[in-house]
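Residues per chain are reported as follows:
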Amino acid sequence: MALRRSSLYKSMLIERLGGEQDFRFIVLSLVERLQTDPKLNTFFATFDADGLFIHQQEFLTTIFANKEEGVDVNTFTLLRYYNLINEGFNETHFDLVVRHFMEAMEDAWIDDQDAMQDAVQLLGSFRVIFTKETQQIAYGQQETGFKSTVVVS
């Protein structure tokens with residue numbers, strides 16, 4: 001089990017999902033699904049497809065490969081998705097994203113079922129970031145909204 005949490009294991013995950021080319025296909029399929037899902041299109045439909053592709057690829061690569069030592073992926077995610085969270089994106093929406101990611105992997109005909117399960121489990125571990133409780137702690141959310149002192153680069 002310790003191997004599954006190691007950075008070596010995570011860096012191999014993209015390869016286990018078919019390599020860089022299949023990973024790009026998965027991300028492209030995910031982006032198409034995000035932009036056409038009526039429950040998510042308020043969050044993703046206005047994004048340029050290329051920009052959303054880059055955004056999702058960077059996020060997934062960060063959590064699956066995390067090649068940059070010292071990167072706090074949870075903080076990275078909170079800051080990266082601040083605007084979506086501020087617009088009401090929550091754990092229910094995140095669950096839809098994970099479902100679309102699973103479907104995108106199925107579209108790519110990934111042979112390694114364990115890799116698919118590991119990828120979903122790793123992605124799913126970020127669900128807590130989108131809960132109301134985490135948002136209140138991270139952003140100091142009050143009844144009137146987020147504190148203006150949050151700096152997002």
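In what follows, the structure referred to is the one given above.
As the structure is a prediction and not an experimental result, all values here were calculated from the model. (Residues numbered from 1 in each chain as written. Predicted model: local features only at pLDDT ≥ 70, side-chain atom pairs only at ≥ 80, totals over all residues. Heavy atoms only, no water.)

Trainee: An account of the packing of aromatic side chains is needed here, citing residue identities and associated values.
Mentor: Within the structure shown, the criterion is met by six aromatic pairs. Look at F23 and F64: their rings are 6.2 Å apart centre to centre, the planes differ by 65°, and that puts the pair in the edge-to-face class. In this pair, F23 sits in helix α3 (residues 20-36) while F64 sits in helix α5 (residues 49-64), placing the two residues 41 residues apart along the sequence. Residue F23 is classed as buried on the basis of its relative accessible area, which comes to 0%. (Phe/Tyr/Trp six-rings, centres within 6.5 Å; stacked < 30°, edge-to-face > 60°. Helix = DSSP H or I, 4+ residues; strand = E, 2+ residues; numbered from the N terminus. Buried < 20%, exposed > 50% of the residue type's maximum accessible area, 1.4 Å probe, protein only.)

Trainee: Give a description of unusual backbone geometry that names residues and reports values.
Mentor: Of note, W109 is a non-glycine position whose phi angle comes to about 55°, a positive value. If you trace the backbone, W109 turns up in the loop between α8 (91-107) and α9 (113-124). W109 sits in the exposed class, given a relative accessible area of 72%.

Trainee: So what about α9? Which residues, and what values?
Mentor: The end-to-end C-alpha distance of α9, which contains 12 residues, comes to 16 Å, matching closely the 16 Å that a straight helix rising 1.5 Å per residue would cover. Inspection of α9 places A115, M116, D118, A119, V120, L122 and L123 among the buried residues, and these make up the whole buried set. Taking the backbone nitrogen of D114 as reference, a side-chain oxygen 3.1 Å away marks D112 as the first, capping residue of α9. (Expected span 1.5 Å × (residues − 1). Polar contact = N/O pair within 3.5 Å; in protein donor to acceptor, adjacent residues only side chain to side chain.)

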